[in-house]
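Understanding the architecture of this molecule
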Amino acid sequence: MKKFVAGILLSVSAITLAACGDSDAGDSGDSKELVVGASNVPHAEILEQAKPLLEEQGIDLVIETYQDYILPNKDLESGDLDANYFQHIPYLESQIADNGYDFVNAGEIHIEPIGVYSKKYKSLEELPEDATILISNSVADHGRVLSMLEAEGLIKLADGVDKTTAEVKDIVENPKNLEFDAEYEAALLVQLYENEEGDAVLINSNYAIDAGINPLEDSIAIEKTDSPYVNIIAVQSGDEDNKEIKALVEVLKSKDIQDFISEEWGGSVVPVK
């Protein structure tokens, strides 16, 4: 009889504990998961700073990191991601045109000025005749690179050409007869620079910083910060009005995060007001 009563008490206790467990699970279920794909640096690092701020609003930020520029958009389209944070506006536009993605810009966060690097020369002026310039095979970056070199006086683009979509064929003046080699994945350019390939290499700041290269100190020229190549939060069309997406953008544009970007990278990454 005592065993029977004890068994009943244990069963009641178990039911009570299970009920408490269900209650706790319900409480934790109040938080909304937001999955965002990002490049390791600086995007994922910025998102890590935003994570506790979003947690205060009941949003559980999950960060998925990528080493390339293709998969984050594929995963956004498939629904594996709620948003991604790795690309600038001209790249997003080119991806939409090429792949038919139904994506929109949900918010502009920062600029990563692209830099020119060389192990052989200390300035653009030192570049010799017929120098080989290595650039990425991302056509969306070609206009950016060429616009920068035009601003530095090395080349001239055809009048009326859209600078964001300019290509090598749009060069009308090239006094040093610079040769452009655009056969490389953006992620490989750091290694080419370290191996002293070519005479100069154009490297995106996220890859430079990730490899321990300081764009402000190590480049021989760097893009101006009034660049149109602003890194953004991209989402599927219609999701830009979601509460969680709006909260993400608001936090990333907050003074706390802007101050972190400025202090952490000292001008190599520039927050957008």
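Residues numbered from 1 in each chain as written. Predicted model: local features only at pLDDT ≥ 70, side-chain atom pairs only at ≥ 80, totals over all residues. Heavy atoms only, no water.

Here's the deal with the pattern of salt bridges
Applied cut-off: In what follows, salt bridge is the name for a side-chain nitrogen of Lys or Arg lying within 4 Å of a carboxyl oxygen of Asp or Glu. Residue burial is assigned from relative accessible area. The probe radius is 1.4 Å, only protein chains are included, and a residue is buried under 20% of its type maximum, exposed over 50%, and partly exposed in between.
If you walk through the whole model with that rule in mind, you get seven salt bridges. The shortest N-O distance in the salt bridge between D159 and K156 comes to 2.9 Å. When its relative accessible area of 70% is taken as the criterion, D159 is described as exposed. You can call K156 partly exposed: its relative accessible area is 29%.

Quick look at the packing of aromatic side chains
Filter applied, for reference: Classification of ring pairs rests on two measures: the distance between centres of Phe, Tyr or Trp rings, Trp counted by its six-membered ring, which must be within 6.5 Å, and the angle between planes, read as stacked under 30 degrees, edge-to-face over 60 and tilted in between. A run of DSSP states H or I qualifies as a helix once it reaches four residues; a run of E qualifies as a strand once it reaches two. Both are numbered from the N-terminal end.
Counting across every chain of the model gives seven aromatic pairs. Their ring planes at 35° and their centres at 5.9 Å tell us that Y69 and F86 sit as a pair that is tilted. One end of the pair, Y69, is in the loop between β2 (59-66) and α3 (71-78); the other, F86, is in the loop between β3 (83-85) and α4 (89-99), with 17 residues separating them in the sequence. Residues Y69 and F86 agree in their burial class; the two are buried. Relative to F103, the ring of Y101 lies with its centre 4.6 Å away and its plane at 10°, an arrangement referred to as stacked. Neither Y101 nor F103 differs from the other in exposure class; each is buried. One aromatic cluster is present, built from ring pairs that chain together Y69, F86, Y91 and Y207.

Here we look at unusual backbone geometry
The step from V41 to P42 runs through a cis peptide bond, and the omega angle for that step is -5°. Mapped onto the fold, P42 is located in helix α2 (residues 40-55). You will see that D130, though not glycine, has its phi angle at about 65°, which is positive. You can see D130 is positioned in the loop between β5 (115-117) and β6 (132-136). Judged by relative accessible area, D130 falls into the partly exposed class, the value being 39%.

A word on a negative patch on the surface
Selection criterion: Only residues whose relative accessible area exceeds 30% and that form no salt bridge enter a patch; like-charged residues are grouped when within 9 Å of one another, and nonpolar side chains (Val, Leu, Ile, Met, Phe, Trp, Tyr) when within 5 Å. Each accessible area value is a Shrake-Rupley result obtained with a 1.4 Å probe; residue values ignore everything except the protein chains displayed when judging cover. Note that His is not counted, nor are the chain ends; the positive residues are Lys and Arg, and the negative ones are Asp and Glu. Here the site of a charge means atom NZ of a Lys, CZ of an Arg, CG of an Asp or CD of a Glu.
Side chains of E33, E55, E56, D60, E64, D80 and D82 sit close together on the surface and give a patch of like negative charge. Along the chain, D80 turns up in the loop between α3 and β3.

What about empty space enclosed by the protein?
Just so we agree on the cut-off: Here a cavity denotes a set of grid points, spaced 1 Å apart and computed over the protein atoms alone, in which a 1.4 Å probe fits but from which it cannot get out, and a pocket denotes an open set meeting protein on both sides within 12 Å along at least five of seven lines; residues with an atom within 4 Å of a point are reported as lining. Grid points are joined across faces, edges and corners, and a volume is the space filled by probe spheres set on the points. Three classes are used: nonpolar for Ala, Val, Leu, Ile, Met, Phe, Trp, Tyr, Cys and Pro, charged for Asp, Glu, Lys and Arg, and polar for all others, with Gly counted as polar.
Considering all chains together, one arrives at four cavities of 30 Å³ or more under this definition. The calculated volume of the largest cavity comes to roughly 120 Å³. Forming the boundary of the largest cavity are 13 residues, of which Y69, F86, H88, R144 and N204 lie nearest the centre. Elements supplying a minimum of two residues to the lining of the largest cavity: α5 (139-151) and α7 (205-210). Partitioned by chemical class, the residues of the lining of the largest cavity number three nonpolar, seven polar and three charged.

What to know about the environment of I155
Heads up, the rule is: Whether two residues touch is decided by their heavy atoms; if any such pair falls within 4.5 Å, the residues are in contact.
Following the sequence through the fold, I155 ends up in the loop between α5 and β7 (156-157). With a relative accessible area of 6%, I155 lands in the buried category. Counting along the chain gives 18 residues from I155 to E173, while the straight-line C-alpha distance between them is 5.4 Å. Among residues more than four places away in sequence, those in contact with I155 are L146, L149, E150, I171, E173, N174, L178 and F180.

Topic: the layout of surface pockets
By volume, the largest pocket amounts to about 220 Å³. As for the largest pocket, its lining consists of 14 residues, of which S147, M148, E223, D226 and S227 are closest to the centre. Top contributing element to the lining of the largest pocket by residue count: α5, with four residues. Looking at the lining of the largest pocket residue by residue, the classes come out as five nonpolar, three polar and six charged.

Nothing here speaks to function; it is geometry throughout.
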